[in-house]
Amino acid sequence: MENIGKVPVHVSIIMDGNGRWAGERGLDRSAGHIEGVESVRACTEAAVEYGVKYLSLYAFSEENWGRPKGEVSSLMSLMFKSMLGELQNFMDNGIRFMVLGHRDRLDSSLNEAIDACMEKTASNSRLTLIIFLSYSGKWDIMQAARRYAEDVLRHPDKADELLEMEPDGFSRYLVTAGIPDPDLIIRTSGEMRLSNYLLWQAAYSELLFSDVLWPDFRKREFAEALEAYSKRDRRYGKVK
Ligand code: IPE
Ligand code: IPE
Ligand code: MG
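Visitor: How do you make sense of the overall build of the protein when you look at a structure like this?
Guide: When helices and strands are counted, the protein shows 8 helices and 6 strands. The order of α-helices and β-strands along the protein, N terminus first, is β-α-α-β-α-β-α-β-α-α-α-β-β-α. What you see for the protein is a C-alpha radius of gyration of 18 Å, in line with the 18 Å of a compact globule of 240 residues. Reported as C-alpha extents along the three principal axes, the dimensions of the protein are approximately 60 × 50 × 35 Å. Per-residue burial over the protein gives 50% buried out of 240 residues. Counting only contacts in the protein whose residues sit at least 6 apart along the sequence, the fraction spanning at least 24 positions is 79%. When the accessible surface of the protein is split by element, carbon and sulfur atoms take 52% of a total near 12400 Å². Here the protein contributes 31 positive and 37 negative side-chain charges, whose respective centroids are spaced 2 Å apart.

Visitor: Where do I start with helix α5 (residues 137-154) in this structure?
Guide: Owing to its 3.6 residues per turn, the α-helix aligns residues three or four sequence positions apart on the same side. In a regular helix each residue adds 1.5 Å, so 18 residues correspond to 26 Å; α5 covers 26 Å between its end C-alpha atoms and thus fits that length. When we look at burial in α5, the residues that qualify are Gly137, Trp139, Asp140, Gln143, Ala144, Tyr148 and Val152. Against β4 (127-135), α6 (159-163) and α7 (167-171) lie the buried residues of α5.

Visitor: Help me understand helix α8 (residues 219-230), please; the structure alone is not making it clear to me.
Guide: Over its 12 residues, α8 extends 17 Å from the first C-alpha to the last, a length consistent with the 16 Å expected when each residue adds 1.5 Å. For α8, the set of buried residues is Glu221, Phe222, Ala223, Ala225, Leu226, Tyr229 and Ser230. Buried residues along α8 sit in contact with β1 (10-14), α2 (29-50), β2 (54-61), β5 (184-187) and β6 (206-209).

Visitor: Before we go on, may I ask you to explain the nonpolar core in this structure?
Guide: The tendency in soluble globular proteins is for nonpolar side chains to be buried side by side. Counting residues in each nonpolar core, the largest one holds 43 residues, and the members touching the most others are Val11, Ile13, Leu55, Phe97, Leu133 and Phe222. Among the elements that make up this core, the one with the highest residue count is helix α3 (residues 69-92) (7 residues). Excluding its chain neighbours within four sequence positions, the residues that come into contact with Leu55 are Val11, Ile13, Cys43, Thr44, Ala47, Leu127, Thr128, Leu129, Ile130 and Phe222. Residues Tyr54, Ile130, Tyr135 and Trp139 belong to the second largest nonpolar core, which totals 14 residues.

Visitor: Help me understand the site of ligand 1 in this model?
Guide: With respect to spatial proximity, 13 residues lie near ligand 1, and among them Asp16, Gly19, Arg20, Arg29 and Arg67 are the closest. The side chain of Arg29 places a nitrogen or oxygen atom 2.8 Å from an oxygen atom of ligand 1. Relative to its unbound accessible area of 370 Å², ligand 1 is 87% covered by the protein chains. Comparing atom positions with the cavity grids shows ligand 1 to sit within the largest pocket. Tallying contributions element by element places helix α1 (residues 18-24) first for the shell around ligand 1, with 3 residues. Taken together, the residues of the shell around ligand 1 sort by class into 3 nonpolar, 5 polar and 5 charged.

Visitor: So what exactly am I meant to see when it comes to the layout of surface pockets here?
Guide: Taking a probe equal in size to a water molecule and rolling it over the atoms shows the remaining empty space. Taken as a whole, the largest pocket encloses approximately 890 Å³ of empty space. Taken together, 42 residues make up the lining of the largest pocket; nearest its centre are Met15, Asn18, Tyr58, Ala59 and Trp214. Breaking the lining of the largest pocket down by element, the ones donating at least two residues are α1, α2, β2, α3, β3 (95-100) and β4. With 10 residues, the single largest contributor to the lining of the largest pocket is α2. Partitioning the lining of the largest pocket into residue classes produces 20 nonpolar, 12 polar and 10 charged. The volume enclosed by the second largest pocket comes to roughly 180 Å³.

Visitor: Looking at this structure, how should I read the site of ligand 2?
Guide: Taken together, Ile14, Met15, Asp16, Tyr58, Ala59, Phe60, Ser61, Asn64, Arg67, Arg187, Arg193 and Ser195 make up the full set of residues adjacent to ligand 2. In this structure, Arg67 approaches ligand 2 through a side-chain N or O atom, which is 3.2 Å from an oxygen atom. For ligand 2, an oxygen atom lies 2.6 Å from a polar atom in the side chain of Ser195. Burial of ligand 2 by the protein amounts to 77% of the accessible area it has alone, namely 390 Å². Considering every element that reaches the shell around ligand 2, the biggest residue donor is β2, with 4 residues. Taken together, the residues of the shell around ligand 2 break down into 5 nonpolar, 3 polar and 4 charged.

Conventions adopted
- Residues numbered from 1 in each chain as written.
- Chains lettered and ligands numbered in written order.
- Predicted model: local features only at pLDDT ≥ 70, side-chain atom pairs only at ≥ 80, totals over all residues.
- Heavy atoms only, no water.
- Helix = DSSP H or I, 4+ residues; strand = E, 2+ residues; numbered from the N terminus.
- Rg over C-alpha atoms; globule rule 2.2 N^0.38 Å.
- Buried < 20%, exposed > 50% of the residue type's maximum accessible area, 1.4 Å probe, protein only.
- Contact = heavy atoms within 4.5 Å.
- Areas by Shrake-Rupley, 256 points an atom, 1.4 Å probe, with all protein chains shown as cover.
- Lys, Arg positive; Asp, Glu negative; His and termini not counted.
- Charge placed at Lys NZ, Arg CZ, Asp CG, Glu CD.
- Expected span 1.5 Å × (residues − 1).
- Core = buried A, V, L, I, M, F, W, Y, C linked by side-chain atoms within 4.5 Å.
- Near = heavy atom within 4 Å.
- Polar contact = N/O pair within 3.5 Å; in protein donor to acceptor, adjacent residues only side chain to side chain.
- 1 Å grid on protein atoms, 1.4 Å probe; cavity = no way out; pocket = protein on both sides within 12 Å on 5 of 7 lines; lining within 4 Å.
- Sits in = over half its atoms within 2 Å of the grid points.
- Nonpolar A, V, L, I, M, F, W, Y, C, P; charged D, E, K, R; others polar.
- Points joined across faces, edges and corners; volume = space filled by probe spheres on them.

Right, here's the structure in full:
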């Protein structure tokens, strides 16, 4: 393990390119998703080793529901199986597991398994591994705004205070409440867009685009991304 200068607290990855990885090998797209799970495992291990505290992964967007039914159901069952298969590993390595997103759209059996896994790992504190599932940034901001409006209506005595709230206060309505914003967002496969990911939370994230397809993105690539991050100069709009 190399020594990396400034380690990000929260690394987030838009895991892209599974389909192309499979296509290059004449395989079905699902083979790419299956191989991608190995990259999740490798990057999780690397995150623990480098002392990253939060690793979040964009696994399935709200827009991804529009993919062919077969692909959606194979992705959901892969999620189910991988999560249960990794539970012991989460316990052994102090990993707190979370799934964030529009959970109402998931099957109740998957939701129950997710809740059980989240509860079991809730007090682990070495690394928080967050899977964004059925997530979109616009949905997150909308659900936050809805709950904010409900609070204003329900608590007229606190309405003035709520309406003067700063952005940090509003962040508490997002599904990422309590989780620091990502320091580094990596997108694999050469695409250079956010695809409706963490729109609010990415305000000051460092962005890193890698040409490597997700199933090929392993420890070495993760370490290189951390290395690149350590050389970035974050100014937050100020003059240094
Ligand atoms: C990322 O790989 C996984 C998901 C979005 C679920 P893709 O399935 O998008 O792979 P490409 O982009 O078609 O290669
Ligand atoms: C973004 O990848 C979503 C995830 C990685 C889960 P997509 O493959 O769905 O994004 P687009 O369609 O290329 O923007
Ligand atoms: Mg893609």
